[in-house]
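Take a look at the letters that make up each chain.
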Amino acid sequence: MMSSVPNKQGRFGAYGGRYVPETLMPALLELEQEYARVKKDRSFQSELAYYLKHYVGRPTSLYFAQRLTKRLGGAKVYLKREDLCHTGAHKINNAIGQGLLAKRMKKPRIIAETGAGQHGVATATVAAMFGLQCEVYMGTEDMQRQALNVFRMRLLGSTVTGVDAGSRTLKDAISEAMRDWTTNIRTTHYILGSVLGAHPYPMMIRDFQSIIGREARRQILAAEGRLPDCLIACVGGGSNAIGLFHAFIKDKKVKMIGVEAGGMGVASGKHAARFAGGKPGVLQGTMTYLLQGEDGQVNLTHSVSAGLDYAAIGPEHSYLRDQGRAEYTSVTDDEAMAAFDILAREEGIMPALESAHAIAHTMKVAPRMKKSQILVVNLSGRGDKDVQQIANMRGITL
Amino acid sequence: MTSKLDRTFAQLRQHGEKALITYVMAGDPSLQDTEQLVVELEKAGADIIELGVPFSDPIADGPVIQQAAERALRSGASLRAILSMIARLRAKTQIPLVLMAYYNTIHAFGPERFFQEAAQAGVDGLILPDMPPDEAGPLKGPAAAAGLPLIFLLAPTSTSARRTFVARQSQGFVYYVSLTGITGAKLLNLADVEKNVGKIRKVTKLPVAVGFGVATPEDAAKVAAIADGVIVGSAIVKQIAAYREKPEMVKHVAEFVRSLKTAMRMAQPKSG
Ligand SMILES: Cc1ncc(COP(=O)(O)O)c(C=O)c1O
């Protein structure tokens with residue numbers, strides 16, 4: 001089921017909208033129209049379904065984590081295995097959709113921003129497969145901690161351009177991609193990687209990611225004969241979370257929890273917990289909760305995981321929180337690191353550090369739930385990309 | 001109601017002149033410098049001054065203005081401090097002052113309060129590069145109550161429907177962005193600018209000012225032959241950056257502005 005947001009202006013309640021320079025407005029309006037067209041177009045949808053099945057490897061499994069469940073001693077924990085997608089994270093669900101759209105709009109060049117590098121790798125992959133020219137913007141701080149993904153993108157034939165401004169992370173990469181798009185708008189489609197930015201991006205990316213929840217809903221009904229009690233996902237911009245949540249929004253009994261990056265703790269100021277530390281504002285095209293100072297300057301953020309290290313959250317999450325339909329919390333870097341180890345050792349699955357945040361929160365809530373209850377956790381990506389960083393943090397040279 | 005911007009453009013037209021609109025980032029390198037610059041740039045021939053409000057994430061700006069914003073933020077130039085500076089300046093000069101601010105700085109200040117305090121301080125107009133008129137609805141009431149014109153932008157990519165829509169919402173003047181890109185890029189195609197300014201004139205009687213990419217006195221003269229106003233930003237900010245640690249900074253920048261205005265005057269056939 002589709003929910004009724006956003007409205008025609010791209011508003012999720014008070015959030016969302018289109019706060020961009022005039023140069024981009026015609027392109028956003030064109031994208032909105034084109035997206036509305038393909039959404040109803042059978043041939044587009046069947047082409048998308050084809051690639052999701054044969055190229056991405058969908059449906060991904062909904063795996064009952066038996067040993068983790070036993071260890072936590074409470075609710076049954078199911079993992080939605082987006083880590084099994086081609087390229088190792090949910091990001092490719094969106095990249096395929098937008099890549100097909102770029103082809104339809106006859107744009108020979110695509111650009112993307114990336115934080116953890118997963119969206120960059122997914123976009124570079126799709127560009128290679130569709131024969132499109134591709135440039136990916138990445139903060140130089142992220143290039144360092146995700147060096148492996150930088151190399152992967154280059155192997156795939158994309159140009160990776162370092163961004164040395166501001167915090168040198170995801171936020172600055174998005175600004176630079178927007179500047180590129182403003183300059184090259186006639187030839188270029190911007191494949192934004194999360195439910196951020198100006199309308200129609202938050203809606204369109206949600207729709208492309210909502211396959212996660214549609215599958216999970218069907219799979220849990222098949223496995224358990226009933227809906228889960230609670231959904232848990234990490235929230236950077238919020239695309240894997242909204243992807244899981246969307247198909248369950250009307251199922252009011254299903255609780256939904258988004259987990260933000262608590263970094264070194266919310267009290268330390270070094271975090272990316274937008275709901276704990278932010279207030280509504282406008283960044284990079286959209287009105288939403290934003291970590292900012294008193295006079296509206298955007299704060300620097302911190303997280304051990306590059307994919308969650310961003311000052312704003314997707315506008316639909318701000319809306320779901322205001323509505324009381326979803327709740328949001330955060331876990332610290334240390335808690336996420338501990339969860340990484342536990343999932344690796346209990347289940348033989350190394351989660352991405354982003355996804356490890358969802359696991360860390362699961363470890364807090366599952367023990368407090370009844371054994372008859374069911375938790376579905378989005379395992380948004382695999383941790384291979386983080387191995388080098390974890391080794392560095394532990395003082396190990398590989 | 002006629003605004004100070006309306007009167008300035010009308011007076012210039014009477015003298016057969018075009019408006020030179022100079023952009024400086026408020027607080028770059030310090031608010032004291034900006035205060036001096038405003039006074040001296042007016043003497044050097046600037047007709048309107050655009051004051052940038054620094055923002056951490058300026059998506060419409062190239063590296064020159066991004067770095068100016070970083071310097072201004074380091075010097076402590078908040079919107080509040082900028083309004084105080086403008087109030088002080090009003091004892092010295094009545095030159096029209098237009099603020100160019102990314103919307104979040106206004107949102108955080110509180111839009112209602114902002115318009116009241118800005119008008120009181122002596123601000124004459126507001127340009128929001130990341131807020132098209134489509135989103136500006138909630139600002140119209142407070143802006144009108146304070147008598148502050150909202151100036152909107154058009155771009156080479158604007159469709160004819162948007163040209164009509166945006167031009168009709170704009171007040172004071174229409175800001176035509178001369179190129180598909182960000183500030184500080186090179187002006188490419190004068191013929192294209194002329195064509196688009198002509199199309200804008202068909203849908204509005206407002207003056208049209210052209211900005212982005214005007215860097216030299218020669219550019220300024222050429223654009224003056226086409227438009228009612230010439231906006232020079234990055235080229236001035238670059239001079240400020242290069243001379244920011246030297247005592248002759250203000251004098252040097254004023255000289256550059258004088259050369260822009262001189263070139264514009266020479267390009268105008270004397271009339272009226
Ligand atoms: C594996 C993984 N999970 C989560 C995220 C966070 O993004 P989002 O909140 O849009 O899902 C990223 C972003 O890079 C990621 O790579």
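Refer to the structure presented above.
Residues numbered from 1 in each chain as written. Chains lettered and ligands numbered in written order. Predicted model: local features only at pLDDT ≥ 70, side-chain atom pairs only at ≥ 80, totals over all residues. Heavy atoms only, no water.

*Asks:* What should I look at first to understand the overall build of chain A in this one?
*Replies:* Within chain A, the regular secondary structure consists of 16 helices and 14 strands. Its C-alpha radius of gyration of 19 Å places chain A within 12% of the 21 Å reference for a compact globule of 398 residues. The dimensions of chain A, computed from C-alpha atoms along their principal axes, are 55 × 50 × 45 Å. Each of the 398 residues in chain A was classed as buried or not, and the buried ones make up 66%. (Helix = DSSP H or I, 4+ residues; strand = E, 2+ residues; numbered from the N terminus. Rg over C-alpha atoms; globule rule 2.2 N^0.38 Å. Buried < 20%, exposed > 50% of the residue type's maximum accessible area, 1.4 Å probe, protein only.)

*Asks:* Help me understand the state of the cysteines, please; the structure alone is not making it clear to me.
*Replies:* Disulfide: a covalent bond connecting the sulfur atoms of a pair of cysteines. Counted under the stated rule, the structure contains 0 disulfides over all chains. Summary of cysteine pairing: Cys85(A) is not part of a disulfide, and the nearest cysteine sulfur, belonging to Cys234(A), is at 14 Å. (Disulfide = S-S within 2.5 Å.)

*Asks:* Mind showing me how you'd approach the packing of helix α11 (residues 234-243) of chain B against helix α12 (residues 249-267) of chain B here?
*Replies:* For any two helices packed against each other, one specifies the inter-axial angle together with the distance between the axes. Residue and element names in this part refer to chain B. As a packed pair, α11 and α12 sit with axes 9 Å apart at the nearest point and diverge in direction by 155°. One finds that α11 runs roughly antiparallel with respect to α12. Both α11 and α12 take part in a crossing whose hand is right-handed. Between α11 and α12, the contacting residues are Ala235, Ile236, Gln239, Ile240 and Tyr243 on the first element and Met249, His252, Val253, Phe256, Val257 and Leu260 on the second. Tallied by class, residues from the contact of α11 with α12 come to 9 nonpolar, 2 polar and no charged. (Axes fitted to C-alpha atoms, helices over the stretch in contact; angles between N-to-C directions. Parallel < 35°, antiparallel > 145°, perpendicular 65-115°, else oblique. Left-handed = near helix turned anticlockwise from the far one by under 90°. Contact = heavy atoms within 4.5 Å. Nonpolar A, V, L, I, M, F, W, Y, C, P; charged D, E, K, R; others polar.)

*Asks:* Can you walk me through helix α9 (residues 190-203) of chain B in this structure?
*Replies:* Residues separated by three or four positions in an α-helix point in the same direction, a consequence of the helix having 3.6 residues per turn. Residue and element names in this part refer to chain B. Taking 1.5 Å of rise per residue, the 14 residues of α9 would be expected to cover 20 Å, and the 21 Å separating its terminal C-alpha atoms lies within 8% of that figure. Within the span of α9, buried status applies to Val193, Asn196, Val197 and Ile200. The arc enclosing the buried residues of α9, seen along the axis, measures out at 105°, which places them on a common side. For α9, the exposed residues set more than 90 degrees away from the buried face come down to Ala191 and Lys202. Buried residues along α9 sit against β6 (153-154), α8 (160-169), β7 (174-177) and β8 (208-211). (Expected span 1.5 Å × (residues − 1). Arc of directions from axis to C-beta.)

*Asks:* For this particular structure, what's the right way to read the packing of aromatic side chains?
*Replies:* For any pair of aromatic rings, the description consists of the separation of the ring centres together with the inter-plane angle of the planes. Evaluated as defined, the whole model comprises 16 aromatic pairs over all chains. Between Phe114(B) and Phe115(B), the aromatic rings sit 5.2 Å apart at their centres with planes inclined by 70°, giving edge-to-face as the arrangement. The class of Phe114(B) is buried, set by a relative accessible area of 0%. Look at Phe115(B) and you get buried, because its relative accessible area is 0%. Clustering of aromatic rings is evident, with ring pairs tying together Tyr15(A), Phe275(A), Tyr289(A) and Tyr328(A). The ring centre of Tyr289(A) lies 5.3 Å from the NZ or CZ of Arg321(A), which sits over that ring. (Phe/Tyr/Trp six-rings, centres within 6.5 Å; stacked < 30°, edge-to-face > 60°. Lys NZ or Arg CZ within 6 Å of the ring centre and 35° of its normal.)

*Asks:* Just checking my understanding: could you explain the interface of chain A and chain B for this structure?
*Replies:* You'll often see interface size given as the accessible area lost when the parts meet. With 37 residues of chain A at the interface, the matching set in chain B holds 35 residues. For the pair chain A and chain B, the summed buried surface comes to about 2700 Å²; carbon and sulfur atoms form 53% of the total. The largest contributions to the chain A side of the interface with chain B come from Glu22(A), Arg179(A) and Gln297(A), which together make up 24% of the buried area. Joining chain A to chain B, the criterion identifies 3 salt bridges. Linking Asp57(B) and Lys171(A) is a salt bridge whose minimum nitrogen-to-oxygen distance equals 2.5 Å. Summed over the shared surface of chain A and chain B, the number is 16 residue pairs in polar contact (both at pLDDT 80 or more). Sorting the residues of the side of chain A that touches chain B by element identifies α1 (25-40), α8 (170-184), β11 (279-283) and β12 (286-290) of chain A as the ones contributing at least two each. If one sorts the elements of the side of chain A that touches chain B by residue count, α8(A) sits on top with 8 residues. Counted by class, the side of chain A that touches chain B contains 15 nonpolar, 12 polar and 10 charged residues. (Buried area = accessible area lost by both parts, 1.4 Å probe. Salt bridge = Lys/Arg side-chain N within 4 Å of Asp/Glu carboxyl O. Polar contact = N/O pair within 3.5 Å; in protein donor to acceptor, adjacent residues only side chain to side chain.)

*Asks:* Quick question: what am I supposed to make of the environment of Gly125(B) here?
*Replies:* With respect to the secondary-structure elements, Gly125(B) resides in strand β4 (residues 125-127). Gly125(B) has contacts with Leu97(B), Val98(B), Leu99(B), Leu148(B), Pro149(B) and Ile151(B), leaving out every residue within four places of it along the chain.

*Asks:* Which parts of the structure should I look at to understand the nonpolar core?
*Replies:* Here is a general trend for soluble globular proteins: nonpolar side chains tend to be buried in one another's company. Leu99(B), Phe114(B) and Phe173(B) are the most contacted members of the largest nonpolar core, which has 199 residues in total. The element contributing the most residues to this core is α12(B), with 8 residues. Leaving out residues up to four positions away in the same chain, Phe173(B) has contacts with Leu5(B), Phe9(B), Ile21(B), Ile127(B), Ile151(B), Leu206(B), Pro207(B), Ala209(B) and Ile231(B). Among the nonpolar cores identified, the runner-up in size contains 28 residues, and Val77(A), Ile257(A), Val259(A) and Leu375(A) belong to it. (Core = buried A, V, L, I, M, F, W, Y, C linked by side-chain atoms within 4.5 Å.)

*Asks:* What am I meant to see in the environment of Ala273(A) here?
*Replies:* Residue and element names in this part refer to chain A. On the secondary structure map, Ala273 appears in the loop between β10 (255-261) and α12 (274-277). Under the relative-accessibility criterion, Ala273 is labelled buried at 0%. Through-space distance from the C-alpha of Ala273 to that of Glu260 is 5.3 Å; in sequence the pair is 13 residues apart. Beyond its immediate sequence surroundings of up to four residues, Ala273 is in contact with Glu260, Ala261, Val266, Gly278, Leu291 and Ser330.

*Asks:* What's the story with the site of the ligand in this structure? I'm lost.
*Replies:* Residue and element names in this part refer to chain A. What surrounds the ligand is a group of 19 residues, the closest being Ser194, Gly236, Gly238, Ser239 and Ser380. Note that an oxygen atom of the ligand is positioned 3.0 Å from one of the side-chain N or O atoms of His90. Measuring from an oxygen atom of the ligand, one finds a side-chain N or O atom of Asn240 at 2.8 Å. Taken by itself the ligand offers 390 Å² of open surface, and the protein chains cover 97% of this. The cavity where the ligand resides is the largest cavity. Partitioning the shell around the ligand into residue classes produces 6 nonpolar, 11 polar and 2 charged. (Near = heavy atom within 4 Å. Areas by Shrake-Rupley, 256 points an atom, 1.4 Å probe, with all protein chains shown as cover. 1 Å grid on protein atoms, 1.4 Å probe; cavity = no way out; pocket = protein on both sides within 12 Å on 5 of 7 lines; lining within 4 Å. Sits in = over half its atoms within 2 Å of the grid points.)

*Asks:* Would you explain the environment of Ala167(B) in this entry?
*Replies:* Residue and element names in this part refer to chain B. Among the secondary structure elements, Ala167 is positioned in helix α8. C-alpha separation for the pair Ala167 and Phe152, spaced 15 residues apart in sequence, amounts to 7.4 Å. Ignoring sequence-local partners within four residues, the contact set of Ala167 consists of Leu154, Arg162, Val174, Val203, Thr204 and Leu206.

*Asks:* Would you mind going over the side chain of Asp61(B) with me for this structure?
*Replies:* Mapped onto the fold, Asp61(B) is located in the loop between β2 (48-53) and α3 (63-74). Look at Asp61(B): it is buried, it has no salt bridge, and the nearest opposite charge is Arg179(A) at 6.8 Å. Apart from the residues lying within four places of it in its own chain, the contact partners of Asp61(B) are Arg179(A), Gln66(B), Tyr102(B), Ile182(B) and Thr183(B). (Lys, Arg positive; Asp, Glu negative; His and termini not counted.)

*Asks:* Quick question: what am I supposed to make of the sheet that holds strand β9 (residues 230-234) of chain A here?
*Replies:* Sheet strands line up and pair through hydrogen bonds in the backbone, either parallel or antiparallel. Residues and elements named next belong to chain A. On the basis of which strands lie adjacent, the open sheet formed by 6 strands has the order β3-β4-β14-β9-β10-β13 and mixed pairing. The sheet is open, and its two edges are formed by β3 (62-64) and β13 (327-331), each paired on a single side. Across the sheet, the mean angle separating the axes of adjacent strands is 25° when strand polarity is ignored. In this structure, strand β4 (residues 76-81) lies alongside strand β14 (residues 374-379), joined through 6 bridges in parallel fashion. (Pairing = 2+ DSSP bridges.)

*Asks:* Mind showing me how you'd approach empty space enclosed by the protein here?
*Replies:* With a probe scaled to a water molecule rolled over the atoms, the places where space remains empty come into view. The full count for this structure, using the stated rule, is 7 cavities of 30 Å³ or more. Considering only enclosed or pocket space, the largest cavity measures out at about 300 Å³ in volume. Surrounding the largest cavity, 30 residues form its lining, His90(A), Lys91(A), Ala116(A), Gly307(A) and Glu354(A) being those nearest its centre. Among the elements of the structure, β5 (109-114), α5 (118-130), α11 (239-245) and α15 (353-365) of chain A are those that each provide at least two residues to the lining of the largest cavity. For the lining of the largest cavity, the per-class residue count stands at 7 nonpolar, 18 polar and 5 charged. The calculated volume of the second largest cavity comes to roughly 90 Å³. Surrounding the second largest cavity, Pro21(A), Glu22(A), Thr23(A), Thr182(A), Ala60(B), Pro129(B), Leu153(B), Ala155(B), Val177(B), Gly181(B) and Phe212(B) form its lining. Among the residues making up the lining of the second largest cavity, the classes are represented as 7 nonpolar, 3 polar and 1 charged. (Points joined across faces, edges and corners; volume = space filled by probe spheres on them.)

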